[in-house]
Amino acid sequence: MIDTARQRRAQQVEAKYAADLRRLRQAKEDDLQELNERFKVLKNAYNMERIRIKEDFELRRLNLKTQIECLRDQRANLRHALSIDADTTGMGDLDDFTMRINNLQVELIGIDGRRYAALNGAEAKYNNRCKEIAEERRAINKHYINEAERLHDAYLQHVEQNRQQRESEEGGEAV
């Protein structure tokens, strides 16, 4: 009867330890899965932000190029009118067209720098969020390692209590 009671206590302690470990592992996997889902959302948001930035700056570039071509056409029409001594009233001034075209070309060149800065800003923000997620992953892993160690220590404590109880029931140490 002592052997069966002792075996029953040992089996109960071991079954509880195994069940607690399974629950702990499942909780860890659930937490890490949630973190992975958040990372996927972050990555998709970053990719969408890059696409939005590129499209926005391409639209700006196209708009500027269209304005430049329109001014060039107007300037060419004015030049033609001046070459044939036609009435140029209300057509504008060659120097004004040239200055406006040059200003738009400078702005067009500046768009590349602003695009580059916007993309770098989005990448820096993404990298910071990735670092935060990596830190959170380390914290989750550390937490569950500590919990597993706590469970193992509790299991060893129960094993030791069962050993001491067995020794007291048997009346001393076995030889």
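Quick note: structure is the one above.
Residues numbered from 1 in each chain as written. Predicted model: local features only at pLDDT ≥ 70, side-chain atom pairs only at ≥ 80, totals over all residues. Heavy atoms only, no water.

(A) Quick look at the overall build of the chain. Counting its secondary structure elements, the chain contains 2 helices and 0 strands. Its C-alpha radius of gyration of 38 Å places the chain more than 25% over the 16 Å reference for a compact globule of 175 residues. Dimensions of the chain along its principal axes, counting C-alpha atoms only, are 130 × 20 × 20 Å. Once local pairs closer than 6 in sequence are excluded, the contacts in the chain between residues at least 24 apart make up 81%. (Helix = DSSP H or I, 4+ residues; strand = E, 2+ residues; numbered from the N terminus. Rg over C-alpha atoms; globule rule 2.2 N^0.38 Å. Contact = heavy atoms within 4.5 Å.)

(B) Seen up close, the side chain of arginine 61. Topologically, arginine 61 is positioned in helix α1 (residues 2-83). According to the relative accessible area criterion, arginine 61 is buried, its value standing at 17%. Contacts of arginine 61, omitting those with residues within four sequence positions, involve Leu108, Ile111 and Asp112. (Buried < 20%, exposed > 50% of the residue type's maximum accessible area, 1.4 Å probe, protein only.)

(C) Representation of the pattern of salt bridges in the model. In this structure the tally under the stated criterion is 15 salt bridges. The salt bridge partner of arginine 38 is glutamate 34, with a shortest N-O separation of 4.0 Å. Here arginine 38 pairs with glutamate 34, and both are found in helix α1, just 4 residues apart, close to one helical turn. Residue classification places glutamate 34 among the partly exposed positions, given a relative accessible area of 45%. The shortest N-O distance in the salt bridge between arginine 38 and glutamate 136 comes to 2.7 Å. (Salt bridge = Lys/Arg side-chain N within 4 Å of Asp/Glu carboxyl O.)

(D) Seen up close, the packing of aromatic side chains. Scanning all chains against the criterion turns up 2 aromatic pairs. For the ring pair tyrosine 46 and tyrosine 126, a centre distance of 4.2 Å and an interplane angle of 15° mean the geometry is stacked. With a gap of 80 residues between them, tyrosine 46 in helix α1 and tyrosine 126 in helix α2 (residues 94-170) connect regions that are remote in the sequence. Overall, the relative accessible area of 13% leaves tyrosine 46 in the buried class. Here tyrosine 126 falls in the buried class, since its relative accessible area comes to 13%. Above the face of the phenylalanine 57 ring, arginine 60 is positioned so that its terminal group lies 4.7 Å from the ring centre. (Phe/Tyr/Trp six-rings, centres within 6.5 Å; stacked < 30°, edge-to-face > 60°. Lys NZ or Arg CZ within 6 Å of the ring centre and 35° of its normal.)

(E) Structural view of the environment of histidine 143. Along the chain, histidine 143 turns up in helix α2. Sequence-wise, histidine 143 and leucine 35 are 108 residues apart; in three dimensions their C-alpha atoms are separated by 15 Å.

(F) The side chain of arginine 75, seen in detail. Relative to the helices and strands, arginine 75 resides in helix α1. Buried within the structure, arginine 75 lacks any salt-bridge partner; its nearest side chain of opposite charge belongs to aspartate 95, at an N-O separation of 8.5 Å. Excluding residues within four positions of it along the chain, arginine 75 makes contact with Leu94, Phe97, Thr98 and Ile101. (Lys, Arg positive; Asp, Glu negative; His and termini not counted.)

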